[in-house]
Each structure stands twice: as C-alpha cells, then as structure tokens.
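Observations on the model geometry
So you can see what is in the structure, the chains are spelled out below.
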Amino acid sequence: MESNSKTYLMILPVYYYRINEQTVAIESAFADHLKLLRERIFPIFNHFQIGLVEMSAQDYEKKKKGMCMIEEQKEQIFFKSLYEDEDKKKNLSSRLSQFKQIFSVYSRLKQLIKDCDLLHTGLSSDVWFPVEFMATLYGIFLKKPIIYVVDIDYRNSVLMSYKTGEWSLKSYLLGKYIYDQIKGFQIKVAVANCSLILFKGNRLCQDFGKGKPNVKNFLNAAHSKHHLINSNALAEKLLHLNDDNHPLEVVYLGRLVLYKGVDRCIQAIAMAYHQMGCNVMFHIIGQGEQAEELKKMTIELNIEKRVIFYGALPFNLEFFKKLYTYHLLLATPLREDTPRSALDAMAAGIPILAFDTYYYQDLLSTGAVDTVPWLSVEQLAQKIAYYNKNRELVSEMVLKAINFAKENTQELWLDQRFDWTLTYANLQEPKK
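For clarity, every value in this text was computed on a predicted model and none was experimentally measured. (Residues numbered from 1 in each chain as written. Predicted model: local features only at pLDDT ≥ 70, side-chain atom pairs only at ≥ 80, totals over all residues. Heavy atoms only, no water.)

The next subject is the sheet that holds strand S10 (residues 248-253). In space, the six strands of this open sheet follow the order S12-S11-S10-S13-S14-S15, with parallel pairing throughout. Looking along the sheet, the strands with just one partner apiece sit at the ends: strand S12 (307-311) and strand S15 (369-372). Recorded for the sheet is a direction-independent mean angle of 25° between the axes of neighbouring strands. Pairing between S10 and strand S11 (residues 280-285): six bridges, direction parallel. By the bridge assignment for S11, Tyr252 is matched with Ile284. The strands touched by helix H11 (residues 262-274) are S10, S11, S12, strand S13 (328-331) and strand S14 (352-355); relative to S11, the strand with the most contacts, the crossing angle is about 165°. (Pairing = 2+ DSSP bridges. Helix = DSSP H or I, 4+ residues; strand = E, 2+ residues; numbered from the N terminus. Axes fitted to C-alpha atoms, helices over the stretch in contact; angles between N-to-C directions. Contact = heavy atoms within 4.5 Å.)

Shown next as structure tokens:
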C-alpha cells in the first residue's frame, strides 16, 4: 500500500462526545496531543482514526468546561465510537448483557483494524470488558504493526487500596491473584508480538521487557515548548516566592476523586497552617465527585479562606499562565498513579512534594521533586512548613523543574516515539 493511503488507528479507553456529524468534544490536553501527533505522522499516514468511548450528554454537561472541539475534516482526525458509556453502565448489572455488548464492540474493532496500517492501543484495565486486549489480539492475528502502551505500573495498587481501607480482603485477593494476573498476561502477549512497547516506568521495562530493544520507557509528556514559563513570569514568581510576607502558593491539579487523596492535601495544609504557623494558600484545579465533600472539609478544618477551588480548566496557554504564579505542587495518590500534572507543573516552574509512590521516586533525580512516606499527612505538613521557611530551596527546585521540562516537551517525546515506530514497525520516512 502506498504511503498516501496509510491509516494510523488508535484504540483507547478515552471519552469523547459527538456534537454533530463533523464536530466532537474531547479533553483539551488530549486534543492538543492528537493534533501534534497528526502533524508528526503525516505524510506516512494521511488517514488518522481514533476509536474511543462515547460519553452521555449528561456526563458531557458536567465535564465540558475542560473539553474542546475538534472539527474532523479540518483537523483530519476522525473519531469512531466503540460503544456508548451509558450502555456499558446499564449492562454492568448483567454479565450476560455485557458479554453481548462485547461482541458488538468486537465487530466494530474488526472493521477498523482490518483497514488500518498501524494499530496503537494498550492495556485493558477492565478485565471484564477488555476492548484494548481484543484489539491487540486481532491486530496480532492480522499481522499488523502494533504500538502498545502501558501508562501505569498497576502491580502495587491492589495492596495500597487494601491498606487504605478502600478495598476489602476479598477485593484485594481477587485483584492480586486474578485481575493483576490477567493484566500481566496481556502485557506478556503484547511484548511477545507487538512492534513497539511503551511503558511509563523503568520497573515495567525491566520486569516485562527483559532487555528487548523494542521495549522503551516513555515519559509521555503533554506540555509543549510554548507552555514553558517565560522569563518575566519566572522573575515574578521568584520575587513573590522569596517575599516572606507573600503566602507560599501551593496547588493541586487533577480529578477530585477518592484515589487522588486530595483530602490528605487539605489535612496537611490545615496542620501546616494551624499548628506550624505556615503562611500558605492552597489552589485546587479540577473537578470530580469529591468536590463538595472536599469543600465541606475545608470548612470543618477552618481553612476555607486558605483554599480556593477553581473547577476544571481548559488545557491551553491561559491555563499555564495561571500555573506560573504557583510555588509548589502537592501529589498524594492513594494508589500508584502517573498523572500528567507532574510535568505540566514543571513546565510552569512548579516543583513537586508528593507521597513516595514509584512515579515520584522515578522523578527524584530531576532535583525538582521531594517525597514523604506514603499516607503520612503529618510529614507532608512538616515539609510544607519547612519549604515555607526555606524558600531559597524552593527557588532552586523551580529552576531544576524548568530545565527538566525543557528537555522533555511533548514535541521531543513525539519525535522520539515516531522514530521508534519507524524503526520497529519497519516503516520509512518518505523521501523529500
């Protein structure tokens, strides 16, 4: 098949909403990623298709503030619905109904994969509804070149969820000895058969890749070079940071859901403020089912004037300009997590204080990250107060964060990913 007729197909568990026949709405950072990827893969691939999950109108109304529009013809990115999320929710009460829906999804996958020249997919976290694994198996059967991505090392999460009390002993045992084993099997199949394997984490590469050259550690940054903090904003940040009369501006970025542990952040801020006299403001950017509960918590802890909730914000330059004014990011996940927010923060010159999960341990070498023992709210509060008193250390971390972000923009990682794709999928750039 000639290069001008090749199709790049992504099958991902990402949600979108169709506005009309030509326009869809999708999470704004992912939209930017797709546009950059479309630019990078052309002219080898002139047709770009994405198989995603169609969200309900009700969910779209809740989330549209953080989404943006894509006109398919204009951007030359075409979206295909694998299934409607509302239908899946209804079928969860009946495994038989869910299995019936699986067959419907499989028929859609078959046609999409049959017509593609490169398949991009990844791990199915939902082992009862393994859409991505079905795509992987069918792609292997048709001998398609496949890029396979695993965004998170899930293996310690079941124990962490049990220790926090979120999971029962039964759930822990099922998770560890059944579900995690199924996920591990999926990855082993992919490593043995796919063209390029991208893992977010060194341990995944070591444990599953075992030295195979097509298994790579992939940072998967979302920030672009134009998002990096400029010299004027940096100077203003450092001026405020080194003014003891100015509050230490602490921020959280991400969804307001239980496993993100935002309640721990709020508890630490309260402890640092009330018990340690820390001059601190806490900014929370994001939305989710815990929002109202977290707002009530700030009132109960008597820090409602020290915490500001912004809701979800679109991923654009204005979003980053807002980030430029903050001094320290808090990250307190209750299970393993690899959030985009860590690198977004660094691009804005914000160092990170986090629980010592593996992702943040991996980032310690940047010099822009510090950790405390997992679940220790008291030590988190102590570190917040410590950095408030030793702001020159924060200033040093700010500069290291920016340097790391400059060397790890989305453009650089996309170039690297596509170079690997050309090598391991046996493709060639068209001659200029």
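Let's shift gears to the pattern of salt bridges. For the structure shown, the criterion picks out 15 salt bridges. Residue Arg40 is joined to Asp419 by a salt bridge in which the shortest nitrogen-to-oxygen separation is 3.7 Å. Here Arg40 is found in helix H1 (residues 28-41), whereas its partner Asp419 is found in helix H18 (residues 410-424), with 379 residues between them in sequence. The partner of Lys321 in a salt bridge is Glu318, with the nearest N and O atoms 3.6 Å apart. One end of the pair is Lys321 and the other is Glu318, both in helix H13 (residues 317-323) and three residues apart, which spans about a single turn. Note on Lys321: relative accessible area 41%, which makes it partly exposed. Given the relative accessible area of 53%, Glu318 is considered exposed. It is possible to trace a salt-bridge network through shared partners that takes in Asp153, Arg155, Arg203 and Asp207. (Salt bridge = Lys/Arg side-chain N within 4 Å of Asp/Glu carboxyl O. Buried < 20%, exposed > 50% of the residue type's maximum accessible area, 1.4 Å probe, protein only.)

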